[in-house]
Each structure stands twice: as C-alpha cells, then as structure tokens.
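In case you want the letters, here they are:
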Amino acid sequence: MKARIGTILVQPKLKRGLVFLILFCVLVAVTDWFVLQHLNRSSLRERDAYSEQLSAIETHIREHGITPELNRILSAFPPSMRYHRFYGVFVQEKPRTIPIVDQHGNVVLQEVKEGAKSPRILAAYPQEWIGKLAKDVYPKDPASWYARKTRMGTGMGVEVTAPDGRKYDITLLLLQNRLPFWAAERVFLLAVVLVWVSLAAWIYVDARSRVKPAAPAWLLLGLLTGPFALAVWLIIRPSPAANAACPGCGADAPKDALFCVRCGYALRAACPECAGPWGRIGTTAPAAAPI
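Because the structure is predicted, anything quoted here is derived from the model rather than measured.

Procedures and definitions
- Residues numbered from 1 in each chain as written.
- Predicted model: local features only at pLDDT ≥ 70, side-chain atom pairs only at ≥ 80, totals over all residues.
- Heavy atoms only, no water.
- Buried < 20%, exposed > 50% of the residue type's maximum accessible area, 1.4 Å probe, protein only.
- Helix = DSSP H or I, 4+ residues; strand = E, 2+ residues; numbered from the N terminus.
- Arc of directions from axis to C-beta.
- Contact = heavy atoms within 4.5 Å.
- Pairing = 2+ DSSP bridges.
- Axes fitted to C-alpha atoms, helices over the stretch in contact; angles between N-to-C directions.
- Patch = residues over 30% accessible without salt bridge, like charges linked within 9 Å, V, L, I, M, F, W, Y side chains within 5 Å.
- Areas by Shrake-Rupley, 256 points an atom, 1.4 Å probe, with all protein chains shown as cover.
- Salt bridge = Lys/Arg side-chain N within 4 Å of Asp/Glu carboxyl O.

Overview of helix α6 (residues 215-225)
Residues separated by three or four positions in an α-helix point in the same direction, a consequence of the helix having 3.6 residues per turn.
Working step 1: Of the positions making up α6, those classed as buried are Ala215, Trp218 and Gly222. All buried residues of α6 fall inside an arc of 60 degrees around its axis, so they share one side. Residues of α6 that are exposed and point more than 90 degrees away from the buried face comprise Ala217, Leu220 and Leu224.
Working step 2: Contact partners of the buried residues in α6: α5 (179-208) and α7 (227-236).

Rendered as structure tokens:
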C-alpha cells in the first residue's frame, strides 16, 4: 500500500491536477473578492440613504426644536432595503451635566444631574416608543444562528443642539442581513487555504521526483511560507532524478533498467536488443535460457 501511494505521488497527472486546482481556487478567490467589494459598496449606499434622512431630522431639531411636525419626518424612513431593514428611530434629550473644573479653570469632568440619567423618548417612530426608555426599545438578540446572521442589530446616531440650547440624541436602529457577507467571507478564506495547501502539495510532488529525501522538508516549508517556498523551489530545483520509481513497489530504478531489482517488475515491454516481447508488462523477469 505504501509503495502504491509512493507511485501515485510521482505521476505527472497528479502535478497537472494540482495546477488546475490551484488555478481554480485562485479564480474563485478573485471572483469572491469582487463579490465582497460589491456587497460592501451596496451596504454603504444603503447606509448613506438612511444618513440623509437622519440629517433631515437633525436639521429640523436644530432649527425648530421638538415640534409635532417632527413625527412626520420620523415616519418618512424607507422601511427596508436589500441588506438593511428599518427597525425604528427615536429622539431623547441628552442628559444634562454639570461641568467640574480644576484650579486652572479646565473642565475635568461632566457630572450628570440628578434625575437626568435615564431620559425618556420624546419623539419616535413607531410612535408607541414615545415615553419609554431607550434600553426598552433596542432589538433583542435572536436565539437561532440563522436569525442572528439575517437580523443583526446595528444603529446610527447623532447629537444636535436645539435653538433653546438643549441637546438631543437622535438614534436610528436597523437590522442588517449579514448572511451574504458571512458566506462570501468564508468562501474567500476557504479558497485561499486551498491555494496555500495545493501549492505545498505541488512542491512536495515535484520534489519527490527530483530530491526525494528532501521532499518532506519542502512540504513543511511550503505549508509555512506558501508562495515564497514555491518561488524559491522553482529557482533552485535540480533537474529530474536519474532514477525512476518502479510502478510495482515504488523503489528507485535506473531509467535504462529492464526489470526492478526489488520486485522483478518489467519496466520495459520489449527487449531493447531484438525488440522481442519480454512478456506482459508487469510480469517478473523471465528465467535465463539454458546454455
């Protein structure tokens, strides 16, 4: 069995197969990288669309403060997009603080006033959030793995100062579908790992046909350094060994040998002197003719 494996490892078809595998994995990795870039750009465009609506709320509060008109602006968010789904938006007054200064007049600490640590929501969409605390309206973490990938909570926030000097926090809550990103990232990593391992395997197979005793060392170097080991090997690799491997037992045999000295496997199908058949290839050496 060991000899048969050794024979397979020196077959040219195996080296060609590894080359095709490397090229295929490189193609998959490059394609998947472009897919990831497209997903990221699409996600950023969606967040920009939400940011524009958030800026409209910020402008209204900065110019007019908290007014009944604000609820209409809050309800104008797009309900869902390809990778983001609108969950809710709310406005709450920023906790008022008392500045604490040192002996040089520098502010060293902002102490929150008593009773202002948990401000209520003043305006929101959906409107049933009005009057609640922010911690009560945040999306809960889903229990299943699939739900966590398709309903990952994310948010955007901005601070704004109203004309009366009060500061407000505007918080937008979104549910992001991370499943396409997760799948593309895993495919890219798998393709890179396969390329890395296939490079090391190709170096090992090629080394067995040239410097067989050093082949395991080159395999280890290929696994550790990948493309660097391939570049070094292609520069310094010697010419193919003068001996060939016996298909029967895997032992080294001179290229001009007729039979394997270890198992007697017929390495040539015909006699080089008279072109007569030795017998079926793979048979043992014929007995010497009587004198």
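Quick look at the sheet that holds strand β1 (residues 84-93)
Working step 1: Spatial strand order, β4-β1-β6-β5: four strands in an open sheet with antiparallel pairing. Edge strands, defined here as strands with exactly one partner in the open sheet, are β4 (121-125) and β5 (152-161). On average, adjacent strands in this sheet sit at an angle of 20 degrees to one another, irrespective of strand direction.
Working step 2: Pairing of β1 with β4 involves four bridges; the strand directions are antiparallel. Considered in β4, the bridge of Phe90 is made with Ala124.

A word on a nonpolar patch on the surface
Working step 1: The grouping of Val26, Val30, Trp33 and Phe34 at the surface amounts to a nonpolar patch, some 370 Å² of accessible area in total.
Working step 2: Structurally, the position occupied by Trp33 is in helix α2 (residues 12-64).

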